[in-house]
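# Structural description and commentary
Each chain, written out:
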Amino acid sequence: QKKREEILKMEMVVSAIAGDLVNRFISFLIKKHESHANLEKKVERLQQLLRRVHMVVEEAEGRYITNSRLLLELKRLVDAMYQGYHVLDTIKYRVLCSSSEEKEVSSSSNALSLVNSINCFRTNSINCFHTTRSTTIFDHLESSLENLETMVSNMKEFVFLVGGCERMSRSPYDTYLYTDNFMFGRQVEKQQIMSVLLQENIPPFAPTVLPIISTNRVGKKTLVAHVCNNDRVQSHFSSILRLNGESICKTEHGAFIQAGRTLVVVEFTSDIDDESWQKFYSSAKRMGKGSKIIVISRIENVSRLGTIRPMHINSLSLEEYSYLFKVLAFGSTNPEDHPQLSAVASELAVLMGGSLVVANVCADIFRKNQNVQFWQRILNKYRNVVANNLSVFREHPKLLMERDRQVDIAKLVSSTSAPLRLMPPHCEDDDSVRDLPKVRFGDLIAGSVVPPKEEFELVAWESRIPPYKKYVNVAKFSGEVNVSERAVLPSKKRRRFNQNK
């Protein structure tokens, strides 16, 4: 009888525990379903807001905006828009990685560790698509939604004021098809430069000098060339003259004097002494009324030459850079139809560290071969290149290039274990001054060519937009790389040329 009572009690306890577990499990499923449904609603709302904001941004970028406050608001809208797109891509990446295809598109734990190292390289690591545990993707989604909701609710006045600005005349083009032939982004900076150029000079009416400062290869010369090609700028100046720092020190300063209103663009690869600059500027004062001077350099000290506040051009944010890379890589293909390719592109955008040259090279070969295995192979190659340089040099390849250091790209070539040193790039015009074998960087990455054993020229990228520069590196196989070694390629003297009407 006692045993039966004990068994009965045990059955009641087990039944109670089982019932509690079942209730908890059902509650968990309900909460999970509600959470999933809530997430879908928020993602759908984010997409709606992005469509509205993108429409307004595109319209604003096609107007001449001279009001500094409007430009500041446009900058905020653009930043919020790309942040929203980045959060959207992150959510899709996470969903894909949690699916049965995780092995094909997600990184191993070593890759995640590498991306965390890249995060340290990029100061804005919290915005990376690999978020930390303390800050989840849901936090980013909430933040992005709140930010966009606020902007959209206050956008009526902005839209009204922008509608009163004169519309730019430009040829229509499809963004997905022709972005590689047009300058991407920088619309706020472009408008700010144009505003300076089209204003009258302040008394005593000497030429205004606008310094534009940035690190190497972030697009400052492309930005200035894009401004100079604008119809309104070209009609405002009777001539546009391009010089370099060396030429203004050696040329008779009176030789460049033009009778009418002139725009002079001067690029400095090294600093200039005050005496030489004052001689040049004194001659420039004899140019026509309303003339302007733009100074381009990566040297911060050159900003002292300006008569107004210098403009600093920063690298694209990760969100904007990732968006650009996907537009270039997919071309006319819709990324929504290829989630695996989109996930690979998201990770590669982080690994590339903001390099515009590498982005254009990889995007070019991706457009020609939109195969998941091919994209994944390129991702693995570049991941190994970054990991190797972080291990040997303790720096990302992009930083090494910015500091005129060598980069080891041997991991791009599967047929060798010897270091393949890539020298800092230099810009050339159409002709080459070196009689070396030439290899295209895209062909090397794709594995369609075998690099020569001797020294060779690696044609990294030929720009399709003004100023149509060709970026060329010298590469060679060698022994062990000395971490402290610096190899600086002598820059080619640039020619001076005029662009007269």
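Details of the structure are given in the entry above.
Residues numbered from 1 in each chain as written. Predicted model: local features only at pLDDT ≥ 70, side-chain atom pairs only at ≥ 80, totals over all residues. Heavy atoms only, no water.

Time to look at the nonpolar core. Within the largest apolar cluster, 89 residues are counted, with the highest numbers of intra-cluster contacts made by F158, F325, M352, F366 and W375. Per element, the largest residue contribution to this core is 12 residues, and it comes from helix α2 (residues 68-97). Here this core spans two domains, and each of domain 1 (14-164) and domain 3 (318-477) adds at least three residues to it. Leaving out residues up to four positions away in the same chain, F325 has contacts with A345, L348, A349, M352, A359, C362, A363 and F366. (Core = buried A, V, L, I, M, F, W, Y, C linked by side-chain atoms within 4.5 Å. Buried < 20%, exposed > 50% of the residue type's maximum accessible area, 1.4 Å probe, protein only. Helix = DSSP H or I, 4+ residues; strand = E, 2+ residues; numbered from the N terminus. Domains from an automatic or database assignment. Contact = heavy atoms within 4.5 Å.)

Glancing now at the pairing of strand β1 (residues 208-213). Counting buried residues along β1, 6 of its 6 residues qualify, which places the element largely inside the surrounding structure. In terms of strand pairing, β1 meets strand β4 (residues 292-297) through 6 bridges, oriented parallel. Looking across to β4, one finds that T208 is bridged to K292. Of the strand pairs in this sheet, β1 and strand β5 (residues 311-312) are connected by 2 bridges, and their pairing is parallel. Its bridge partner lying in β5, I212 is registered against M311. (Pairing = 2+ DSSP bridges.)

We now examine helix α14 (residues 339-351). In this model, α14 (13 residues) spans 19 Å end to end at C-alpha, consistent with the 18 Å of a helix rising 1.5 Å per residue. Here α14 lies mainly inside the structure; 12 of its 13 residues are buried. Along α14, the residues that are buried comprise Q340, L341, S342, A343, V344, A345, S346, E347, L348, A349, V350 and L351. (Expected span 1.5 Å × (residues − 1).)

Counted by the stated rule, this structure contains 9 aromatic pairs. Plain terms: the ring middles of Y82 and Y323 are 5.0 Å apart, the flat faces sit at 65° to each other, and that makes the pair edge-to-face. Separated by 241 residues along the polypeptide, Y82 in helix α2 and Y323 in helix α13 (residues 318-330) bring together distant segments of the chain. With relative accessibility at 16%, the residue Y323 sits in the buried group. Here the aromatic rings of W277 and Y281 are separated by 6.2 Å at their centres, their planes lie at 15°, and the arrangement is stacked. A residue pair is termed a helical-turn pair when its members lie 3 or 4 positions apart in one helix, as W277 and Y281 do in helix α12 (residues 274-284) at 4 residues. Take Y281: its relative accessible area is 10%, and that puts it in the buried class. Put simply, the rings of F325, F330, F366, F374 and W375 pair up and form one aromatic cluster. (Phe/Tyr/Trp six-rings, centres within 6.5 Å; stacked < 30°, edge-to-face > 60°.)

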